[in-house]
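A structural walkthrough
In case you want the letters, here they are:
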Amino acid sequence: QVQLVESGGGLVQPGGSLRLSCAASTSFFIVSTMAWYRQAPGKQRELVARISSGGSPNYADPVKGRFTISRDNAKNTVYLQMNSLKPEDTAVYYCYQDRLGRVYWGQGTQVTVSS
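Residues numbered from 1 in each chain as written. Predicted model: local features only at pLDDT ≥ 70, side-chain atom pairs only at ≥ 80, totals over all residues. Heavy atoms only, no water.

Quick word on the overall build of the protein chain
- Helix and strand counts for the protein chain come out as 0 helices and 11 strands.
- Listed by position from the N terminus, the elements making up the protein chain come as β-β-β-β-β-β-β-β-β-β-β.
- Taking 115 residues into account, the globule formula puts the C-alpha radius of gyration at 13 Å, and the protein chain, at 13 Å, falls close to it.
- For the protein chain, the C-alpha atoms occupy an extent of roughly 40 × 25 × 20 Å along the three principal directions.
- Considering only contacts in the protein chain between residues 6 or more positions apart, those separated by 24 or more positions represent 54%. (Helix = DSSP H or I, 4+ residues; strand = E, 2+ residues; numbered from the N terminus. Rg over C-alpha atoms; globule rule 2.2 N^0.38 Å. Contact = heavy atoms within 4.5 Å.)

What about the pattern of salt bridges?
- Within this structure, the stated rule accounts for 4 salt bridges.
- The salt bridge involving D61 is made with K64; its shortest N-O contact spans 3.0 Å.
- Given the relative accessible area of 61%, D61 is considered exposed.
- The residue D89 makes a salt bridge to R66 at a minimum N-O spacing of 2.7 Å. Taken together, the positions of D89 in the loop between strand 8 (77-82) and strand 9 (91-99) and R66 in the loop between strand 6 (57-59) and strand 7 (67-72) put the pair 23 residues apart, joining distant regions of the chain. Note on accessibility: D89 and R66 belong to one class, buried.
- Within the structure, one salt-bridge network assembled from shared partners comprises R38, E46, R66 and D89. (Salt bridge = Lys/Arg side-chain N within 4 Å of Asp/Glu carboxyl O. Buried < 20%, exposed > 50% of the residue type's maximum accessible area, 1.4 Å probe, protein only.)

With respect to the side chain of S21
- For S21, the position within the fold is in strand 3 (residues 18-24).
- Residue S21 is classed as buried on the basis of its relative accessible area, which comes to 15%.
- Contacts of S21, omitting those with residues within four sequence positions, involve V5, E6, S7, W36, T77, V78 and Y79.

Dropping the structure here:
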């Protein structure tokens, strides 16, 4: 059973920063594409950032220049560094793993940006 355990969410003021972490319980992490999605109340889940097994990142337009996705294959962990946070970044953030075509989701972590 693959598990993705997210951490790092919380309440932050506009302009602040948070770093999300997602630890995967699989030795196939190194060949997996990893990603972060988010879902705000009343909205569909959307891609935030993705990083390939080779380490190539790509980002959704709303977060370009503010968020950075990275991975540590030795720790089976993917990170999302979020800077210059805005109220519209408020959502539940989900970790996603595509392990050779099989998809897994984390349980989600709440990020709230509010003064």
